[in-house]
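Residue strings, one per chain:
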Amino acid sequence: MRLLVLYGSQTGTAQDVAEQIWRESRQWGFQGPVLSLEDYDIQQLVEERLVIFVVATTGDGMEPDNMKQAWRFLLKRSLPSHSLSGLQFACLGLGDSSYSKFNYAAKKLHKRLLNLGAKSICPLGLCDDQHDYGHLGTSLAWTAELWNTLSNTLAVHKQKEPTIVKRWNVRVIEQSPPLDEDRLQWTQRQEAHVFKLAENTRTTAADHFQDVRLLRLERSTEAISWQPGDVLEVQPQNSCELVKDFFDLLKEHQLQFDASTVVEVSSAHEDLPLPLAYSKPLSLQQAAKYIWDLSARPRQRLLEVLAQNCEDEMEREKLLEFCSAEGLEDLISYVNRPRRMLLELLQDFRHAMAKLTLSQLFEMMPLIQTRSFSIASDQSAKTLDLLVAVVNYKTIMHTPRLGLCSNWLKDLEVGVELRAAIKPGTMTWPKEVQTPLIMIGPGTGIAPFRSIIQNRLHLQQLGQNVGPLVVFFGCRNRSKDYHFVEDFTAWQDNNCVEVHVAFSRDQENKVYVQHLIKQHGAHLAKLIREQNAYIYVAGSSNNMPKAVREAFIEALDNDASYIDLLIKQRRYQEETWA
Amino acid sequence: MEQFKGLQKSLYIWTDSGELDKRVQALKEATGGEVAVENVHRLSFSSYANSSFDLIVIECAQLTDNYVKLLHMLKPSGKLHLFAYIGPAANLLQEIKLSGFINCSEDAAANTLTAEKPGYETGSSARLSFAKKSPSMNVWKISGDDEELIDEEELLDEEDKQKPDPAGLRVCSTTGKRKACKNCSCGLAEELEDEKKTKAATENAKSSCGNCYLGDAFRCSTCPYLGMPAFKPGEKVQLADNLLKSDI
């Protein structure tokens, strides 16, 4: 019987969960592929009978990029309300309750499918990244319940013997043709632009705890354009150290393959598309450098594959226990809490590694995902600028945890070429440039506001009548982490932007942006009430957005419903990141 | 239903669950053979083997495109019997004929239709393309992106906008079960075994479990080597100086 698994995934987690459900579906005797919504012709949905959806929610309640087109189609008003009456479905959402629009993409999809007459066979599952067990806290139980329901209604039975379901076939090429390495720097569907790195400087003081980078990118052609609020998507690469550690590990276990092994990967199922990264032969050296995320948090799937050939009973049992519902707590404290990297896990399971095959390796390695950064300059400026905080922190692990992308960017040398794509962010701006903008961007949250301010000042120079620009910035110390200090000073000196800066640690009492908002409450309320000002909040998703919202409520005579109204009218927008 | 006497295996496809057992019993008595039962809405999900039945009876049948499936499920020369059907008989008869059945006949007085599978295995039969598709399918096949969309925000009501209760997201890591390593030498295995027998907690804490070299996955929660990789054979492991100092 056909069972189709469709996913909308941004960071790869939803894809991972979907593929796990697909593998399990084989155990239950189902056929049919697992596909991203962009690889599936959504117009066929009317002919499907049984579909499982796994859908992530990104940013401000948005559906993932690879679901956008299909979602637009499903929203067509002309679709008759009973046209999906032949479809039974189940929907699992992956979200994060630290964002206000928790799991909106899955909730909307679920409702829309019901609207179109489809029947839900399972309650909508809502995974929450804030759960101590992450998405697994919900997804494991939900999936078990799904099979339970299906086995009751369809009289399907689980095979006793577990079958190994492979995605890829891997073939070693003895005499390899010359390999194209350039293509591996960008293996995404969307076309990339080529930029040249013109500057890469640390904006924080040398003795400051955090390294924040300003990267200036030169366009290869003038035709590259962007809007304020847009983001730049980049595809990071593993550090030389990690790549070396990886091959040292292979060497230590005297495996049959090494950095120079060249392979050709093909899909093991005719209806399962091959990732672009595998579309041509590649060496393991290239895979380890450009394609596999060696510092990713290892997922259950990796442990399951690692256990397949392991002859050491103790390691094997431990790996499989980590994959079970009972072993979840142990898995979380072994992997999630210390932020253990994939490579570190492989180093720990020595017996399993000693028996690793090439096929297992390709099956278990997650692909590097792209990262997006708010563009910090307007296209009227010479360069495309990024402001990037370098992620480096301690856990119980003896080596510091380094963010893959920010550390890769940090080490890029001036003059190198960089492939990247420009994508729209979540912010929308008022149509009239006279409308006042109130912008709150502490830390690297200032990035998108530098872009819109440059844009508005450029329009002003062209003779347009630009409304008031009010910006609130916050950092620890004036002398340590005051990003774009020259810009702020120039704007203030020219009286073209109203600048408020909170230096939290330059005096005894901590002063944050929310304190300054309260101080200027009457002024801000006037801009909002009388001149229809738009408010934008960007930066860390911890306590700041909530504290800022409360400060505005206080400024608006404690009228919380007024802020709700502004949010609804998109006159109060938040773009926050963890 | 006397005409079906002697048929060994029948399938009864029902719509109305009221007094279903009586109707099934009646069919059993009429045929004298076995009767399987299936709900009409589950039919498309069922996975009966080809050539399984001598007779398929459907109550309240409507115009669907499932008759090809029924054809496959029938043995050669197997019978299809519709009663209390809905809609004009002519349309149903046409659909049944187009699906590959022969000898289709209507008993207007009894409001029944009967048809027969040809006396040979049909192999792969294809639905004739001039059989009509439902109009709602066609709308799905129209492309073009200039169409009006519904307001997706209106899909959600207040309840959908609720966030989970933070209390439900916390899991206590200290109540996790104590578990002995597989080759336990520290006594925990025996201890747990004793606890199982006597249900009395013992006080004897043991150290030097001998598992430190295996890595964090096998180490105790108080192990001084936590955070360090598994040791390689013959490797001499030393804790860094700062680790030996007290945190306080």
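Source: prediction; values computed, not measured.

## What to know about the sheet that holds strand S9 (residues 212-219) of chain A
All names here are of chain A. One open sheet accounts for six strands, arranged S13-S10-S17-S8-S9-S14; its pairing is antiparallel. Each having just a single partner strand, strand S13 (371-374) and strand S14 (384-389) make up the two edges of the open sheet. Each adjacent strand pair in this sheet contributes to an overall mean axis angle of 40 degrees, direction not counted. As paired strands, strand S10 (residues 231-234) and strand S17 (residues 417-423) are joined by four bridges and run antiparallel to one another. Bridged to Val231 within S17 is Lys423.

## Overview of the nonpolar core
Residue and element names in this part refer to chain A. Formed by 60 residues in total, the largest nonpolar core has its most connected members in Leu232, Leu437, Met439, Val471 and Tyr536. Looking at this core, the element that brings in the most residues is strand S19 (residues 469-475), giving six residues. Inspection of this core shows a minimum of three residues originating in each of domain 3 (184-236 + 369-423) and domain 4 (437-577). Among residues more than four places away in sequence, those in contact with Leu437 are Ile452, Leu469, Val470, Ala533, Tyr534 and Tyr536.

## Concerning the domain arrangement of chain A
Partitioning chain A into structural domains gives domain 1 (4-154), domain 2 (168-175 + 239-364), domain 3 (184-236 + 369-423) and domain 4 (437-577). Measuring from the centre of the C-alpha atoms in domain 1 of chain A to the corresponding centre in domain 4 of chain A gives 38 Å.

## With respect to unusual backbone geometry
Only a minority of non-glycine residues have a phi that is not negative, and only a minority of peptide bonds are not trans. All names here are of chain B. The backbone of Ser77 sits at a positive phi, close to 70 degrees, despite the residue not being glycine. Along the chain, the position of Ser77 falls in strand S4 (residues 74-83). By C-beta crowding, Ser77 is classed as partly exposed, having 13 other C-beta atoms within 10 Å. Positive phi outside glycine occurs at Asn111, with the angle close to 60 degrees. Take Asn111: it is sitting in the loop between strand S5 (102-107) and strand S6 (112-116).

## Topic: the UniProt feature "binding site: FAD" (unreviewed entry) in chain A
Residue and element names in this part refer to chain A. Mapped onto the present numbering, the UniProt feature "binding site: FAD" (unreviewed entry) falls on Arg339, Arg371, Ser372, Phe373, Ser374, Gly403, Leu404, Cys405, Ser406 and Trp577. Sequence-wise these annotated residues cover 239 residues; spatially they are dispersed, their C-alpha atoms as much as 25.5 Å apart. With respect to the helices and strands, the residue Arg339 is situated in the loop between helix H9 (328-336) and helix H10 (342-348). Residue class for Arg339 comes out partly exposed when judged on the 15 C-beta atoms lying within 10 Å of it. Contacts of Arg339, omitting those with residues within four sequence positions, involve Arg297, Thr395, Met397 and Arg401.

Calculation rules
Along each chain, residue indices are assigned from 1 in the same order as the chain's sequence is written. Throughout, the order in which chains and ligands are written sets their labels, letters from A for the former and numbers from 1 for the latter. Side-chain atom pairs in this predicted model are given and counted only at pLDDT of 80 or more, local residue features only at pLDDT of at least 70, and totals for whole chains, interfaces and linings cover all residues. DSSP calls a pair of strands paired once it identifies at least 2 bridges connecting them. Here a strand is any run of E in DSSP of at least two residues, a helix any run of H or I of at least four, and the numbering for each starts at the N terminus. Orientation is described by axes fitted as lines to C-alpha atoms, over the contacting stretch for helices, and by angles from 0 to 180 degrees between their N-to-C directions. By convention the nonpolar core is taken to be a set of buried residues drawn from Ala, Val, Leu, Ile, Met, Phe, Trp, Tyr and Cys and joined through C-beta atoms within 7 Å. With C-beta atoms placed from the backbone, a residue is labelled by how many other C-beta atoms lie within 10 Å of its own: buried for 20 or more, exposed for 12 or fewer, partly exposed between the two. For the domains described, the bounds stem from an automatic or database domain assignment. C-beta atoms are first placed from the backbone for all residues, and any pair lying within 7 Å is then listed as a contact. UniProt positions are given in the numbering used here, feature names are shortened, and annotations may be inferred rather than shown by experiment.

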